[in-house]
Amino acid sequence: MKIVIFIMAICLFCCGAYFSLIDQVAAATATYGAAILALIFAFLTEFKTFKGLGIEAELLDRKIEEADDLISRLRGITIPIAEMLLSSTARMGRLGTIMPRRQRYGLLNQIERELQKCGVSLEQLEAAKVDWHFFNTFDLATPIFQQLIKVLKNRQSEHQEKFKGFGTITPDKYEAHEALCKRNGEIHKEIEFIKDMWQQRDQTKMVESVKNFIVSSTVLLDSDRAELSGALKEELLDLEHYIQSKQFRRPDVWFESDDSL
């Protein structure tokens, strides 16, 4: 019976992971809760009765050391549970679901406090917050990359106008047309490069990469560089601060954007 309940718990965890992937946060959270209960009942044979929510519990012919070992094993299970819960919280409010940033932030803090009561250390919590930090960094970087892409596409549109006025490609215009095509490819390449940078999993060098791109771009004009440096100054500082400290530099500004979600 114990092995059956344990297998059911593992299946429930798998279902919870699937619900998380398809952004069914409520279903994922409920499934994880059911899985935790199943795990507790799987170990219930270690006790004569179970103490919790008013139910008395007494050890059944077990030494205190064996009880401590059981608690240690249950605490070990808490670590992957923590990662699942925090990952689900990070995805809340995304892909059309409704969860304001302030509410999501408060929920994360509440989960962290409860997990610490279960013996999860700060280091283990931080390791479980990979998705939380990834999505926050992604969202902080979003206005930066959107502005970069907008400027690049403006230059692309201007370049496309040159094709419209080129006329028929005669032998004497062939080299000029080839140059226009080459330039168009360079612009497209830079736009795709920025999109790829935006999506990358390793975000540690993101700010440095953006700054280097603005300086080295062959598409941006000097006026574009000056405009971007001024317009993105605070956003780049916010992004750099979060990447380094895992804390929001301007939390009030971050939460203000709830109105636009």
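So, how was this worked out
- Residues numbered from 1 in each chain as written.
- Predicted model: local features only at pLDDT ≥ 70, side-chain atom pairs only at ≥ 80, totals over all residues.
- Heavy atoms only, no water.
- Helix = DSSP H or I, 4+ residues; strand = E, 2+ residues; numbered from the N terminus.
- Buried < 20%, exposed > 50% of the residue type's maximum accessible area, 1.4 Å probe, protein only.
- Contact = heavy atoms within 4.5 Å.
- Areas by Shrake-Rupley, 256 points an atom, 1.4 Å probe, with all protein chains shown as cover.
- Phe/Tyr/Trp six-rings, centres within 6.5 Å; stacked < 30°, edge-to-face > 60°.
- Lys NZ or Arg CZ within 6 Å of the ring centre and 35° of its normal.
- Expected span 1.5 Å × (residues − 1).
- Arc of directions from axis to C-beta.
- Axes fitted to C-alpha atoms, helices over the stretch in contact; angles between N-to-C directions.
- Parallel < 35°, antiparallel > 145°, perpendicular 65-115°, else oblique.
- Nonpolar A, V, L, I, M, F, W, Y, C, P; charged D, E, K, R; others polar.
- Core = buried A, V, L, I, M, F, W, Y, C linked by side-chain atoms within 4.5 Å.
- Salt bridge = Lys/Arg side-chain N within 4 Å of Asp/Glu carboxyl O.

Just checking my understanding: could you explain the overall build of the protein for this structure?
What the protein contains, in helices and strands, is eleven helices and two strands. For the protein, the sequential pattern of α-helices and β-strands runs α-α-β-β-α-α-α-α-α-α-α-α-α. The buried share of the protein, taken over its 261 residues, is 36%. Sequence-distant contacts in the protein: of pairs separated by 6 or more residues, those separated by 24 or more amount to 66%. Entry remark: accessible area of the protein is about 15,900 Å², with carbon and sulfur atoms responsible for 58%.

Which parts of the structure should I look at to understand the packing of aromatic side chains?
Each pair of aromatic rings is reported with the distance of its centres and the angle of its planes. Within the structure shown, the criterion is met by ten aromatic pairs. Taken together through their ring pairs, the aromatic side chains of Tyr105, Trp132, Tyr242, Phe248, Trp254 and Phe255 make up a single cluster. Over the aromatic face of Trp254 sits the side chain of Arg101, whose NZ or CZ is 3.7 Å from the ring centroid. The ring of Phe134 has Arg201 lying over it, and the distance from NZ or CZ to the ring centre is 3.9 Å.

Which parts of the structure should I look at to understand helix H7 (residues 174-199)?
Think of an α-helix as turning once every 3.6 residues; residues three or four places apart then point the same way. Compared with the 38 Å implied by 1.5 Å per residue over 26 residues, the 38 Å span of H7 between its first and last C-alpha is a close match. Here H7 has its buried residues at His177, Leu180, Ile187, Glu190, Ile191, Ile194, Met197 and Trp198. Residues of H7 that are buried sit in contact with helix H6 (130-164) and helix H8 (206-216).

Sorry if this is basic, but what is going on with H8 here?
For H8, the set of buried residues is Met206, Val207, Val210, Phe213 and Ile214. Projection of H8 onto a plane perpendicular to its axis shows the buried side chains occupying an angular sector of 125 degrees, all on one side. Set apart from the buried face of H8 by more than 90 degrees, the exposed residues are Val215 and Ser216. Buried residues in H8 make contact with H6, H7, helix H9 (222-231) and helix H10 (233-245).

I tried to follow the packing of H8 against H10 on my own but got confused; where do I start?
A packed helix pair is summarised by two numbers, namely the angle formed by the two axes and the spacing between the axes. In contact at an axis separation of 9 Å, H8 and H10 are set at 150 degrees when each is read in the N-to-C sense. Between H8 and H10, the crossing angle belongs to the class labelled roughly antiparallel. Every residue of H10 that contacts H8 at Met206, Val207, Val210 and Lys211 is listed here: Leu236, Leu239, Glu240 and Ile243. Its residues assigned to classes, the contact of H8 with H10 shows six nonpolar, no polar and two charged.

Would you mind going over the nonpolar core with me for this structure?
One broad trend across soluble globular proteins is that nonpolar side chains are buried collectively. Judged by nonpolar contacts, the single largest core of 41 residues is most densely connected at Phe145, Leu148, Ile194, Val210 and Leu239. For this core, the secondary-structure elements that each account for two or more residues are helix H3 (64-91), helix H4 (101-117), helix H5 (122-128), H6, H7, H8, H10 and helix H11 (251-256). Setting aside anything within four residues of it in sequence, one finds Ile194 in contact with Phe145, Leu148, Ile149, Leu152 and Phe213.

Please clarify how the pattern of salt bridges should be interpreted in this entry.
Pairing between side chains of opposite charge can happen when their charged atoms approach one another. On inspection of all chains with the given rule, the structure shows eleven salt bridges. With a shortest N-O distance of 3.8 Å, Arg201 and Asp131 are connected by a salt bridge. Residue Arg201 is located in the loop between H7 and H8, and its partner Asp131 is located in helix H6; the two are separated by 70 residues in the primary sequence. Across the pair Asp224 and Arg155 runs a salt bridge whose closest N-O atoms are separated by 2.8 Å. Residue Asp224 is located in helix H9, and its partner Arg155 is located in helix H6; the two are separated by 69 residues in the primary sequence. Classification of Asp224 as buried rests on a relative accessible area of 4%.

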